Amino acid sequence: MTSSTNVSCFHGARRVAIFGGTHGNEMSGVTLVNLWIQNGKEIQRKGVETKPFITNPRAVEKCTRYVDTDLNRAFTTENLSAPSGDDLPYEVQRAQQINEIFGPKGSPEAYDVIFDLHNTTSNMGCTLILESSKDHFNLQMMHYIKKAIAPDSCPVLLTEHPLLKYSTSRSVAKHPIGLEVGPQPQGVLRSNIFESMRVVLKHALDFIELFNEGLEFPPCTVDVFRVSEKMDYPRDTNGNIIAMVHPNLQDCDWEPLNPGDPMFQTFDGTTIRYEGAGTVYPTFINEAAYYEKQQAFVTTRRETLAAGAIKKA
Amino acid sequence: MEEVVLPTVSRVALCGGTHGNELSGVYLVRERLKRKVEEEEHISVVTVMSNPRAVQQCRRYTETDLNRCFTHATLSGPVTDKTPYEIVRSQELNTLLGPKGSPEAMDLVCDLHNTTANMGLCLIAYSDCDWISLHIYRYLQRQMSDIPVRFIHFDLPLNEAYSLDSVGKHGFAIEIGPQAHGVVRSNILSTMQEGVQQMLEWVRLFNSGTPFEGGKVDVYTMVKNVDYPRDFETRGITAAIHPQLQDRDFCLLRPNDPVFQTFSGETLKYTGTEPLYPFFINECAYYEKGIALSLARQRSVGIPSIRSEREGEQGKRKSSAEEMEEEEEIKGEMEEEGYQKLMEYGEESDSLNGQYK
């Protein structure tokens, strides 16, 4: 397939931000961004302004996910357009500030790319999170990253879903990319997890540099996992959890879950099985922060997305 | 060693949620409270959710670490409306399960914890000569094949002992890892359930008169803590636990072994001269306490055979000073034969004192 007639031209990616501490207890991002604020040599690339930024400093200081409300759910149109004031929850005020600096969301002035660094207690490895299946620039970047870190894998989670998509801090940018690396407990810094995140970011910035230099990226396909359904823990009438992720499912992110497979185990040892129509690929299995969001794991379905050729205009 | 006779362990307290985000204990206690398990053969078990406010918020603590509030000083301090919640709670728990150091205290306090460190199952206690705790340890080691079981000893006198388990006449924490805080892993919960079951089974057997033979057990005695390298001004950490040390709790750390890896990739090595055993490697809650890892010496400790007192029988104590005092008291009351027996025991235990004290 030739690319010369079907190349999408993008403006150069001139303004790039790297967000850490959107959740104050996800330590890889906090540590990396603080490091780069002190000395940003590692993240500099020709022709790009790369800004490292701590999005939720109060939560980082307390080493907690958030202070009033989850910052990574706070970038809704309603919040961003609300009249500003001290009575607003801290994270909503923060979202408005971030929108002003890096946005406004949806406008031509918004940052070109924002990488948002996260950790998870789930065994997700190095996961890239894609918000739109039509973002060819991001698809090409993810294709590049996957090739660069092979044979290690880098699953891509597509959160495009009418109900399950959420308003992230990175969504302020034209091309938002989430980096979710685990497993790592909240509040803990593991050197292997830290290094993995660092390597993925290096490749991402290399891609941006190559793109800005005029390199044309031919059409490609990217295998993704499209989010499908949120699965809560079984609960009693008072809302208390009555079963845990089954040992057969624990740590099996991205592996197939077939109808009839064990899914939960009650406290007295009974197995509860998956009763969906077909095979799904669960992820965010047993993420600590999602107990309060009524999510034990999320199911996904495999899909192959096509990205057209891209080149800097 | 001569057999030691000890009072029955008739009142047991099982505590969870002392740290509200260490979920195995929280779930175990919740289930027990739901099923109202209390009276079991030969023992009464009180089940306690230690820090309900922290549990409700799924946090380690709300104002101050509850598991540092059980020193004599804190337990006897005044309470005002400005007193942190956890200190008020520690005094409540002391009333419920203690008072610490008094004859009314629970016979055994077992406190359930999780750690992000790869420690398997550890019993943590302040004494290396509490035979009840050490026999329970050995029993658990023999009964539980799926997980390593170890005993950690913090050498502190009772009034300085700061954790909940020090409130009982006998006590220890059961610490199981690795598990992220705020998460319940089914395998870790099963392990804790089994540990608690086996412990209660031992107590049941002991109380019903079963003798337990003596022997030797390995104990890790805490020597020192090691903090992260920190930035001079900000006090932020400047290195992470080295990949070659991460998850290697209880693997001997030798001089010059890697300990930290700085963010610029440099390896920092162990500069101590004595090889020691690391544990609590990269425990989340200890960053704020300035602890990256703890170091221990391993020793072999002899434990005597033990059995519980029969009805009417008076337990023998191994402290030679106490024994001599007792001897003097009893001497006048015992008939010739009985007194002779006591003298024989007294001589034997003197010669054994060096071995197990």
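Not measured: the values here are computed from a predicted model.

Attention now goes to the overall build of chain B. What chain B contains, in helices and strands, is eight helices and 15 strands. Within the span of chain B, comprising 357 residues, buried residues form 56% of the whole. Long-range pairs, those at least 24 residues apart, make up 75% of the contacts in chain B between residues at least 6 apart in sequence.

Turning our attention to the UniProt feature "domain: AstE/AspA barrel-sandwich hybrid" (unreviewed entry) in chain A. The positions that UniProt labels "domain: AstE/AspA barrel-sandwich hybrid" (unreviewed entry) are, in the present scheme, residues 221-301 of chain A. A helix fraction of 0% and a strand fraction of 37% characterise residues 221-301 of chain A, whose end C-alpha atoms lie 16 Å from each other.

Moving on, we get to the side chain of Arg89(B). Counting through the fold element by element, Arg89(B) comes out in helix H4 (residues 85-97). Discounting chain neighbours no more than four positions away, the residues touching Arg89(B) are Val48(B), Met49(B), Ser50(B), Pro52(B) and Leu66(B).

This part is about the UniProt feature "binding site: N-acetyl-L-aspartate" (unreviewed entry) in chain A. Residues and elements named next belong to chain A. Per the UniProt record, "binding site: N-acetyl-L-aspartate" (unreviewed entry) is found at Arg65, Glu180 and Tyr290. Its location among the elements puts Glu180 in strand E7 (residues 175-182). Since its relative accessible area comes to 6%, Glu180 is described here as buried. With sequence-adjacent residues up to four places away left out, Glu180 is seen in contact with His118, Asn119, Thr120, Met124, Gly125, Cys126, Thr127, Ile129 and Phe284.

In this section: the UniProt feature "domain: AstE/AspA barrel-sandwich hybrid" (unreviewed entry) in chain B. In the UniProt entry, the feature "domain: AstE/AspA barrel-sandwich hybrid" (unreviewed entry) is given for residues 216-297 of chain B. With 0% helix and 37% strand, residues 216-297 of chain B has its two end C-alpha atoms placed 16 Å apart.

Quick look at the interface of chain A and chain B now. Taken together, the contact pairs 28 residues of chain A with 27 residues of chain B. For the chain A face of the interface with chain B, the top three residues by lost area are Leu189(A), Ser191(A) and Phe267(A), together amounting to 25%. Joining chain A to chain B, the criterion identifies two salt bridges. Between Asp247(B) and Arg190(A) there is a salt bridge whose closest N-O contact spans 2.7 Å. Summed over the shared surface of chain A and chain B, the result is nine residue pairs in polar contact (both at pLDDT 80 or more). The set of elements that each furnish at least two residues to the side of chain A that touches chain B consists of helix H1 (27-38), helix H6 (191-212) and strand E9 (243-245) of chain A. Top element by residues in the side of chain A that touches chain B is H6(A). It accounts for four residues. Among the residues forming the side of chain A that touches chain B, the class breakdown is 13 nonpolar, ten polar and five charged.

Next up on the list: the pattern of salt bridges. Residues and elements named next belong to chain A. By the definition in use, this model includes 28 salt bridges over all chains. When the shortest N-O distance is used, the salt bridge between Arg170 and Glu131 registers 3.1 Å. Within this pair, whereas Arg170 is found in the loop between strand E6 (156-158) and E7, its partner Glu131 is found in the loop between strand E5 (125-130) and helix H5 (136-149), the two being separated by 39 residues in sequence. Judged by its relative accessible area of 1%, Arg170 falls in the buried class.

In this section: the domain arrangement of chain A. Residue and element names in this part refer to chain A. For chain A, the assigned domains read domain 1 (8-224 + 307-312) and domain 2 (230-299). Opposite the 17 residues of domain 1 that make contact, domain 2 presents 15 residues. When the two sides are added together, the surface that domain 1 and domain 2 hide from each other amounts to roughly 1,300 Å², 52% of it contributed by carbon and sulfur. For the pair domain 1 and domain 2, the number of links is one salt bridge. Notably, a salt bridge pairs Asp70 with Lys293, separated by 2.9 Å at the nearest N-O pair. Taken together, the links from domain 1 to domain 2 amount to eleven residue pairs in polar contact (both at pLDDT 80 or more). Considered class by class, the residues forming the side of domain 1 that touches domain 2 number six nonpolar, seven polar and four charged.

Quick notes on the rules
Residues numbered from 1 in each chain as written. Chains lettered and ligands numbered in written order. Predicted model: local features only at pLDDT ≥ 70, side-chain atom pairs only at ≥ 80, totals over all residues. Heavy atoms only, no water. Helix = DSSP H or I, 4+ residues; strand = E, 2+ residues; numbered from the N terminus. Buried < 20%, exposed > 50% of the residue type's maximum accessible area, 1.4 Å probe, protein only. Contact = heavy atoms within 4.5 Å. UniProt positions renumbered as here; feature names shortened; annotations may be inferred. Buried area = accessible area lost by both parts, 1.4 Å probe. Salt bridge = Lys/Arg side-chain N within 4 Å of Asp/Glu carboxyl O. Polar contact = N/O pair within 3.5 Å; in protein donor to acceptor, adjacent residues only side chain to side chain. Nonpolar A, V, L, I, M, F, W, Y, C, P; charged D, E, K, R; others polar. Domains from an automatic or database assignment.

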